[in-house]
Amino acid sequence: MRKPCIICCAITGSVARKENNPAVPISIAEQVESTQAAFEAGASIVHVHVRNDDQTATSDPDKFARFQEEIKKHCPGLIIQFSTGGRSGADKERGGMLPLSPDMASLSVGSVNFPTRIYPNAPDLVAWLAEEMRRYKVTPEIEAFDLSHILHAIQMNAEGMLPGKLYVQFVMGVKNAMPVDKDVFDFYVATMQSRAPNAEWCAAGIGANQLVVNEWAISAGGHTRTGLEDNVRLDSNTLAPSNAALVTRAAELCEKYQRPVATWQQAREMLQLTPVFA
């Protein structure tokens, strides 16, 4: 049997709004319902942002706590991954939910240009977030927007600064950051294989690039991310009806490349979540 593929579903993000697609889940109740459907469709990780009632982004720990409580009841075993991204809060506010000890949390280890702003990840903040994840036994998912982020994550892992198994996600398609380029993608895969052969890697494509990057990652033996955070459409003319629909599309690519969709048990084993933090 070929290696199972972990599908992560990024359900909401900080940018997409109901005006962009009515299926974007905003309230905790909507997020839980959408996550459960995605879980049933094959997602074994849920990547979580939370929102205020006016749809603006927030890092409110109480909202993360409510989400986590409900997901543990409705989707037992699903890997819960909180976002510490910079759109939802400033400085250490971004890690205010880490004491809740989710299974995982996103971690960007370097700054990068976004379309209209800088996404700042200063070294002292990165070190503090990593230490908080260590303190609360949270495995980071490295969100790499640049080659330097991949190399820095490998170095941090080698030096013992990152808890748990190294898991690096290539984020491709953000304007001014990592392009959707097959030669670049292949180089990043080769870099992970040569410099961190025991790590796991994942790839996410933004907007219309989501399906392309899903296919590259699955065919190359990695894991992949989908969901309404990254892309609100099935194609240029069709809005995605749900997060589950995007997960189903990724699962169909797994079938095409004879990769079984990882169960939550398999995903936890590959990422060493249960053995490390039992």
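Everything discussed here concerns the structure shown above.
Residues numbered from 1 in each chain as written. Predicted model: local features only at pLDDT ≥ 70, side-chain atom pairs only at ≥ 80, totals over all residues. Heavy atoms only, no water.

(A) Inspection of the nonpolar core at higher detail. Membership of the largest hydrophobic core comes to 59 residues, with the highest contact counts inside it found for Phe67, Leu166, Val168, Phe170 and Met192. Contact partners of Met192, with chain neighbours within four places excluded, come to Ile150, Ile154, Val168, Phe170, Pro197, Ala199, Glu200 and Trp201. Grouped together as the second largest cluster of nonpolar side chains are 12 residues, Ile6, Met104, Ala262 and Ala267 included. (Core = buried A, V, L, I, M, F, W, Y, C linked by side-chain atoms within 4.5 Å. Buried < 20%, exposed > 50% of the residue type's maximum accessible area, 1.4 Å probe, protein only. Contact = heavy atoms within 4.5 Å.)

(B) Highlighting the packing of aromatic side chains. Tallying each qualifying case throughout the model produces 10 aromatic pairs. On the basis of an interplanar angle of 40 degrees and a centroid distance of 5.1 Å, the ring pair of Phe114 and Tyr119 is categorised as tilted. Pairing Tyr119 with Phe145 gives two aromatic rings, centres 5.9 Å apart and planes at 90 degrees, and the pair type is edge-to-face. With Tyr119 in strand 8 (residues 118-119) and Phe145 in the loop between strand 9 (139-144) and helix 4 (147-158), the pair connects residues that are 26 residues apart, well separated along the chain. Joined through ring pairs, the aromatic side chains of Phe170, Phe185, Phe187, Tyr188, Trp201 and Trp216 make up one cluster. (Phe/Tyr/Trp six-rings, centres within 6.5 Å; stacked < 30°, edge-to-face > 60°. Helix = DSSP H or I, 4+ residues; strand = E, 2+ residues; numbered from the N terminus.)

(C) How the structure looks around the packing of helix 1 (residues 28-41) against helix 2 (residues 61-74). In contact at an axis separation of 10 Å, helix 1 and helix 2 are set at 35 degrees when each is read in the N-to-C sense. Along this stretch, helix 1 crosses helix 2, giving a crossing that reads as right-handed. Taking contact as the criterion, the partners of Ile28, Gln31, Val32, Thr35 and Gln36 in helix 1 are, on helix 2, Lys63, Arg66, Phe67, Glu70, Ile71 and His74. When grouped by side-chain class, the residues that make up the contact of helix 1 with helix 2 number 4 nonpolar, 4 polar and 3 charged. (Axes fitted to C-alpha atoms, helices over the stretch in contact; angles between N-to-C directions. Left-handed = near helix turned anticlockwise from the far one by under 90°. Nonpolar A, V, L, I, M, F, W, Y, C, P; charged D, E, K, R; others polar.)

(D) Up close: the pairing of strand 5 (residues 79-82). Neither face of strand 5 is exposed, since Ile79 and Gln81 on one face and Ile80 and Phe82 on the opposite face are all buried. Judged from the 4 bridges that link them, strand 2 (residues 45-48) and strand 5 form a sheet pairing that is parallel. Across the sheet, residue Ile45 finds its bridge partner in strand 5, namely Ile79. Examined bridge by bridge, strand 5 and strand 6 (residues 104-107) share 2 bridges and lie parallel to one another. Across the sheet, residue Phe82 finds its bridge partner in strand 6, namely Ala105. (Pairing = 2+ DSSP bridges.)

(E) Quick look at the environment of Leu129. Mapped onto the secondary structure, Leu129 falls in helix 3 (residues 123-135). In contact with Leu129, not counting residues within four places along its chain, are Thr84, Arg94, Gly95, Leu98 and Leu107.

(F) Molecular detail of the packing of helix 1 against helix 7 (residues 243-256). Contact geometry of helix 1 with helix 7 gives a least axis separation of 8 Å together with a crossing angle of 15 degrees. By the criterion of interaxial angle, the relationship of helix 1 to helix 7 is roughly parallel. Every pair of crossing elements has a handedness; the one defined by helix 1 and helix 7 is right-handed. Residues Ser34, Ala37, Ala38 and Ala41 of helix 1 form the contact with helix 7, whose own contacting residues are Asn243, Ala244, Val247, Thr248 and Ala251. Taken together, the residues of the contact of helix 1 with helix 7 sort by class into 6 nonpolar, 3 polar and no charged. (Parallel < 35°, antiparallel > 145°, perpendicular 65-115°, else oblique.)

(G) Layout of the pattern of salt bridges. Going through the model one piece at a time under the given rule, you end up with 12 salt bridges. Linking Arg268 and Asp103 is a salt bridge whose minimum nitrogen-to-oxygen distance equals 3.1 Å. Within this pair, whereas Arg268 is found in helix 8 (residues 264-270), its partner Asp103 is found in the loop between strand 5 and strand 6, the two being separated by 165 residues in sequence. A salt bridge links Lys165 to Glu200, with the nearest nitrogen and oxygen atoms 3.6 Å apart. Within this pair, whereas Lys165 is found in the loop between helix 4 and strand 10 (167-172), its partner Glu200 is found in strand 11 (residues 200-205), the two being separated by 35 residues in sequence. For the pair Lys165 and Glu200, one class covers both residues: buried. (Salt bridge = Lys/Arg side-chain N within 4 Å of Asp/Glu carboxyl O.)

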